[in-house]
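Summary of the model geometry
Each chain, written out:
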Amino acid sequence: MAGPGRPRSFDRAAALERAMRVFWERGYETTSMTDLTTAMGINSPSLYAAFGCKEQLFREAVALYDATEGGPVTRALTEAPTARDAVEAVLRHNACAFTQEDKPRGCMIVLAATHCAEANTEVRDHLARWRCVGMRELAQRLDRGVREGDLPAGVDTSAVASYYTAVIQGMSVQARDGASHATLTKIVDRAMAAWDAVVTVH
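Reading guide: rules and limits
Residues numbered from 1 in each chain as written. Predicted model: local features only at pLDDT ≥ 70, side-chain atom pairs only at ≥ 80, totals over all residues. Heavy atoms only, no water. Salt bridge = Lys/Arg side-chain N within 4 Å of Asp/Glu carboxyl O. Helix = DSSP H or I, 4+ residues; strand = E, 2+ residues; numbered from the N terminus. Buried < 20%, exposed > 50% of the residue type's maximum accessible area, 1.4 Å probe, protein only. Contact = heavy atoms within 4.5 Å. Expected span 1.5 Å × (residues − 1). Polar contact = N/O pair within 3.5 Å; in protein donor to acceptor, adjacent residues only side chain to side chain. Core = buried A, V, L, I, M, F, W, Y, C linked by side-chain atoms within 4.5 Å. Domains from an automatic or database assignment. Buried area = accessible area lost by both parts, 1.4 Å probe. Phe/Tyr/Trp six-rings, centres within 6.5 Å; stacked < 30°, edge-to-face > 60°. Lys NZ or Arg CZ within 6 Å of the ring centre and 35° of its normal.

As recorded in an unreviewed UniProt entry, the protein chain goes by the name TetR family transcriptional regulator, listed as coming from Wenjunlia vitaminophila.

The structure is reproduced here in structure tokens:
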């Protein structure tokens, strides 16, 4: 039996996906409960019954974003034959993903809660932790490159991961500001042209 106020046809997964897109496009703080209930096709009691509260809904939306939009990045880090190939695949995928016409521009994990009021610092910190995880996964792929011999021993993999993460985050901001796929591709070309200098052991 459907809960109070919840449509019998309620599809939790579909509603979560629609909420994800709203948060991705508008950010956490500027997304209202009305924005969410309208997009999800449910009323407030249904939202609270299914997801607890706005913050819990946001956390689930971020996890869904990572599981779906982040899938190609995970595969690139896992399947590319060298560390350089993996980094380039991640950057080129993001140049496409950040500028798709049918989705909000940029990266939700980068953009959705970088600036929050004190009451929402947990939300801001939650996304900061996600960004740190992404950078750590990139560093781990670089560490694998050192072990497999396609990166020099002694390279500062954390610094390299930090640099390319900064490139990705900058691409996300530029995409939100309207940069085209061609513009982001030129950024990737130059970031990869700098590869030998970036991985030099100092």
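On to the pattern of salt bridges. A full pass over the atoms with the stated rule returns 11 salt bridges. Measuring nitrogen to oxygen at the nearest pair gives 3.0 Å for the salt bridge that ties Arg 84 to Glu 88. Here Arg 84 pairs with Glu 88, and both are found in helix α6 (residues 83-97), just 4 residues apart, close to one helical turn. Ionic pairing is found between Glu 122 and Arg 129, a salt bridge with its closest N-O pair at 3.9 Å. Its relative accessible area of 41% is what places Glu 122 among the partly exposed residues. Residue classification places Arg 129 among the partly exposed positions, given a relative accessible area of 43%. Each of Glu 55, Arg 59, Glu 122 and Arg 129 takes part in one network of salt bridges that share partners.

Turning our eyes to something else, we now look at the environment of Ala 83. With respect to the helices and strands, the residue Ala 83 is situated in helix α6. According to the relative accessible area criterion, Ala 83 is buried, its value standing at 0%. With 65 residues separating them in the primary sequence, Ala 83 and Glu 148 have C-alpha atoms 9.3 Å apart. The contacts of Ala 83, once residues within four sequence positions are left out, are Arg 141, Leu 142, Gly 145, Asp 150, Leu 151 and Trp 195.

Between its first and last C-alpha atoms helix α1 (residues 12-26) spans 21 Å; for 15 residues at 1.5 Å apiece the expected length is 21 Å, and the two agree. If you follow the buried residues of α1, they end up packed against α2 (33-40), α3 (44-51), α4 (54-68), α7 (108-111) and α9 (157-176). Capping the start of α1 is the job of one residue whose side-chain oxygen sits 3.2 Å from the backbone nitrogen of Ala 13: Asp 11. In the segment just after α1, Gly 27 is the residue with positive phi, at about 85°.

Let's shift gears to the nonpolar core. If you look at the biggest cluster of nonpolar residues, it comprises 59 residues, and the most contacted ones within it are Met 40, Leu 57, Phe 58, Leu 91, Met 108 and Tyr 164. Among residues more than four places away in sequence, those in contact with Leu 57 are Leu 16, Ala 19, Phe 23, Leu 36, Met 40, Leu 47 and Phe 51.

Quick look at the domain arrangement of the protein chain now. As far as domains go, the protein chain holds domain 1 (12-61) and domain 2 (69-199). One C-alpha centre belongs to domain 1, the other to domain 2, and the line joining them spans 26 Å. Tallying the contact residues gives 12 residues for domain 1 and 20 residues for domain 2. Interface of domain 1 and domain 2: buried area, both sides summed, is about 1,400 Å²; carbon and sulfur atoms make up 61% of it. For domain 1, the biggest contributors to the area lost against domain 2 are Trp 24, Glu 29 and Arg 59; these three give 50% of the whole.

Tracing the backbone through its elements, the reader meets Asn 120 in the loop between α7 and α8 (121-148). Once residues lying within four places of it in the same chain are set aside, the contact partners of Asn 120 are Tyr 28 and Glu 29.

Attention shifts here to the packing of aromatic side chains. Under the defined criterion, the tally for this structure stands at 6 aromatic pairs. Seen from their ring centres, Tyr 28 and Phe 58 are 5.0 Å apart, and the 65° between their planes marks the pair as edge-to-face. Of this pair, Tyr 28 sits in the loop between α1 and α2 while Phe 58 sits in helix α4; the two residues are 30 residues apart in sequence, bridging distant segments of the chain. Overall, the relative accessible area of 1% leaves Phe 58 in the buried class. Their ring planes at 85° and their centres at 4.8 Å tell us that Tyr 163 and Tyr 164 sit as a pair that is edge-to-face. On the accessibility criterion, Tyr 163 (34% relative accessible area) is partly exposed. Counting every residue linked through ring pairs, the aromatic cluster contains Phe 23, Tyr 28 and Phe 58. Its guanidinium or amino end placed over the ring of Tyr 28, Lys 54 lies 4.4 Å from that ring's centre, counting from NZ or CZ.

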